[in-house]
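# Coordinate inspection notes
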Amino acid sequence: MADFGEILRNIGDFGSFQKITLFALCFPNVIIPFHFASVLFIQSDPERHCNTDWILRTDANLTTDEQLNLTLPLEEDGTFSRCLMFVPVDWDIGAIRESGLNETTSCQNGWVYSNTIYDATIVTDFDLVCEKTNLLEVAQAVLMAGILVGCLLFGPFAESFGRKRAAQIPVFVMLVFTVTTGIAPNFYLYMASQFMLGIGYGGYRLNGVILATEWIGVSKRSWGACVAQLCGAVGQCVLAGMIYFIRDWRLAQLITAFPIAAIAIYIWFIPESARWLLDRGRTEEAKQLIAKVATINKRPVPENLLEKIVEKDTDRKGGIVILIQSSVLRKYFFTIILTWFSLNLTYYCLSFNVGNFGLDIFLTQLLFGLTELPAHILCIWLLEALGRKVSLMSTLLIGGFLCILTLAVPQGNAVAVTALVTSGRFFSNWAGSVVNVYVQELFPTSFRQTASGLGSIASRAGGLLAPLLNLLAVYHWSIPTVVFSSLTLISGALSFLLPETRRRELPDSTADAEGNRNKMTLKNRNESNKPSLIIKSSRL
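Computed from a predicted model, the values in this text were never measured in an experiment. (Residues numbered from 1 in each chain as written. Predicted model: local features only at pLDDT ≥ 70, side-chain atom pairs only at ≥ 80, totals over all residues. Heavy atoms only, no water.)

Before going further, it helps to spend a moment on the nonpolar core. Phe36, Ile122, Tyr190, Ile243 and Phe443 are the most contacted members of the largest nonpolar core, which totals 123 residues. Apart from the residues within four sequence positions on either side, isoleucine 243 is in contact with Ala37, Phe41, Tyr118, Ala252 and Phe362. With 16 residues, the next largest nonpolar core counts Ile7, Phe17, Trp276 and Leu278 among its residues. (Core = buried A, V, L, I, M, F, W, Y, C linked by side-chain atoms within 4.5 Å. Buried < 20%, exposed > 50% of the residue type's maximum accessible area, 1.4 Å probe, protein only. Contact = heavy atoms within 4.5 Å.)

See the structure below:
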């Protein structure tokens with residue numbers, strides 16, 4: 001039987017077809033960061049006071065200062081209370097002026113906001129202030145929970161129903177719930193829409209990369225994950241610009257729906273992974289697709305190539321049993337998921353704090369995006385120059401060290417804190433690109449999507465816990481930094497247990513994944529002139 005790597009070398013392992021497919025699958029990553037706009041670009045404690053327009057019914061000619069003096073209690077520092085008001089009464093204005101009001105209550109008719117840098121946010125639209133302040137972290141956690149569930153659902157789905165469907169369906173989910181999020185009339189419907197939106201986000205981020213990578217040959221395989229991450233970095237930069245000019249979160253949501261609608265149309269024409277088709281025994285479909293790819297790449301198909309493709313007797317039905325039975329794969333798997341968890345915990349702890357580092361929030365977000373660009377560009381080259389193992393260990397250790405260094409810098413030094421945080425995020429993003437490539441090269445085809453899905457679940461669990469970890473800052477500001485930095489450093493040390501997979505074919509069996517791939521590849525190359533020894537003809 002023809003090895004799929006051999007098939008790609010014959011039909012073009014990074015030709016026009018792969019480049020078009022890679023761009024089509026990576027472009028949505030420019031758009032989907034916009035879905036974080038409503039939980040990132042907010043003022044968690046905006047200037048405000050209770051709405052006390054009730055007193056205008058007694059005297060419509062009151063000035064603003066008079067209205068506030070009569071209806072709001074004062075704090076110890078002499079400012080008006082931001083969360084309390086005097087209980088409304090039915091007295092006339094003369095009685096109110098003479099006797100004054102003393103009994104206080106929480107705001108009964110909403111708040112009046114002032115000096116905000118946004119036209120509207122979920123904080124101001126849903127009044128997430130005072131006793132509801134912690135609901136902002138809940139909103140962030142709900143979105144991350146949706147992303148986790150998306151990975152949980154669409155990982156196994158892709159194994160059974162294909163990479164193509166597992167990438168298409170999440171796009172339609174995102175389209176529908178991007179719109180419903182933007183028009184949500186209350187906070188609870190907003191959270192429900194965000195949860196469903198997260199499911200689509202998680203499903204697409206997981207499967208889009210896998211589908212692109214399985215069509216790319218050994219020499220350019222790192223492009224699949226790195227270009228996807230690179231497009232995400234571009235999206236972070238564009239997000240900063242979009243919110244700078246469009247400071248209404250609802251309008252930003254509805255504008256985001258338009259490019260997603262265009263993606264939902266063209267994503268329908270993305271082809272299935274031939275590697276998955278062969279693994280599932282759908283040989284004829286794979287042959288037809290391989291022939292089409294060769295035509296697009298303008299490569300002649302060898303006369304006997306398609307005849308060499310027969311159904312393999314693989315361990316594709318083993319599923320997670322493969323992982324349980326193999327001590328080697330278990331070691332790889334738990335190392336990878338701890339690394340992925342640590343990276344996402346770090347990434348989102350920093351991202352959700354974008355407005356708290358002391359510099360302008362739009363500038364900080366732009367810096368976050370701009371620093372991701374060189375990280376992913378360098379990653380494409382260094383993965384081939386240094387290999388996966390050295391790249392992962394070094395980026396994790398350096399990134400964790402830079403983050404923990406922020407504890408030694410005075411918190412009032414905004415420039416130094418932002419520089420260290422941005423640098424730490426730079427290396428965390430770099431490590432994230434390495435992990436996205438690594439996880440596909442460590443596990444066999446029959447388990448690759450499941451491993452990626454479970455790894456993504458672990459990573460999204462890190463994202464889910466990030467806003468909750470940030471809440472611990474109320475006890476001491478250093479707690480979140482100590483936790484996520486330490487986990488990143490531990491992951492970097494444990495990465496020593498992983499093997500090097502640079503320039504090796506994707507493993508198709510458990511034996512390949514456990515370490516026999518080098519011997520098999522060498523043998524295949526040495527015996528390339530003896531097809532009868534390594535290829536089983538479909539006519540026999």
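Turning our attention to the packing of helix α8 (residues 135–161) against helix α10 (residues 187–213). Running from amino to carboxyl end, α8 crosses α10 at an angle of 40 degrees, the nearest separation of the two axes being 6 Å. Considering the angle they form, α8 stands oblique to α10. With respect to the hand of their crossing, α8 and α10 are arranged in right-handed fashion. Of the residues contributing to the contact of α8 with α10, the split by class is 19 nonpolar, eight polar and no charged. (Axes fitted to C-alpha atoms, helices over the stretch in contact; angles between N-to-C directions. Helix = DSSP H or I, 4+ residues; strand = E, 2+ residues; numbered from the N terminus. Parallel < 35°, antiparallel > 145°, perpendicular 65-115°, else oblique. Left-handed = near helix turned anticlockwise from the far one by under 90°. Nonpolar A, V, L, I, M, F, W, Y, C, P; charged D, E, K, R; others polar.)

As a further point, take the side chain of asparagine 51. Following the sequence through the fold, asparagine 51 ends up in the loop between β1 (47–50) and α5 (64–71). Note on asparagine 51: relative accessible area 18%, which makes it buried. Of note is the side chain of asparagine 51, whose polar atom sits 3.1 Å from the backbone nitrogen of aspartate 53. Not counting residues up to four positions away in its chain, the partners in contact with asparagine 51 are Met85, Asn109, Gly110, Trp111 and Val112. (Polar contact = N/O pair within 3.5 Å; in protein donor to acceptor, adjacent residues only side chain to side chain.)

Using the criterion set out here, one finds 24 aromatic pairs in the structure. Ring plane angle 25 degrees and centroid distance 5.6 Å describe the contact between phenylalanine 36 and tyrosine 348, whose orientation is recorded as stacked. One end of the pair, phenylalanine 36, is in the loop between α3 (28–31) and α4 (37–40); the other, tyrosine 348, is in helix α16 (residues 327–351), and 312 residues separate them in sequence. Each of the two residues, phenylalanine 36 as well as tyrosine 348, counts as buried. These aromatic residues form a ring-pair network of at least three members: Phe41, Tyr118, Tyr244, Phe245 and Phe362. For the cation-ring pair, arginine 165 lies above tryptophan 268, with the distance from its terminal atom to the ring centre recorded as 5.1 Å. (Phe/Tyr/Trp six-rings, centres within 6.5 Å; stacked < 30°, edge-to-face > 60°. Lys NZ or Arg CZ within 6 Å of the ring centre and 35° of its normal.)

Attention now goes to the environment of glycine 492. On the secondary structure map, glycine 492 appears in helix α21 (residues 479–494). Residue classification places glycine 492 among the buried residues on the basis of a relative accessible area of 0%. For the pair formed by glycine 492 and leucine 397, sequence separation is 95 residues and the distance between their alpha carbons is 5.2 Å. Not counting residues within four places of it along the chain, the set of residues in contact with glycine 492 comprises Met393, Leu396 and Leu397.

Attention shifts here to the pattern of salt bridges. The final tally for this structure, using the stated rule, is eight salt bridges. A salt bridge links aspartate 45 to arginine 82; its shortest N-O distance comes to 2.7 Å. Placement of the pair is aspartate 45 in the loop between α4 and β1 and arginine 82 in the loop between α5 and β2 (84–86), with a sequence separation of 37 residues. Put simply, glutamate 214 and arginine 163 hold a salt bridge, and the shortest N to O gap is 2.8 Å. Residue glutamate 214 is located in the loop between α10 and α11 (222–245), and its partner arginine 163 is located in helix α9 (residues 163–182); the two are separated by 51 residues in the primary sequence. Accessibility classification places glutamate 214 together with arginine 163 in one group, the buried group. Salt bridges linked by common partners bring Asp45, Glu47, Arg48 and Arg82 together as one network. (Salt bridge = Lys/Arg side-chain N within 4 Å of Asp/Glu carboxyl O.)

In short, the description is geometric, and any link to function would need to be established separately.
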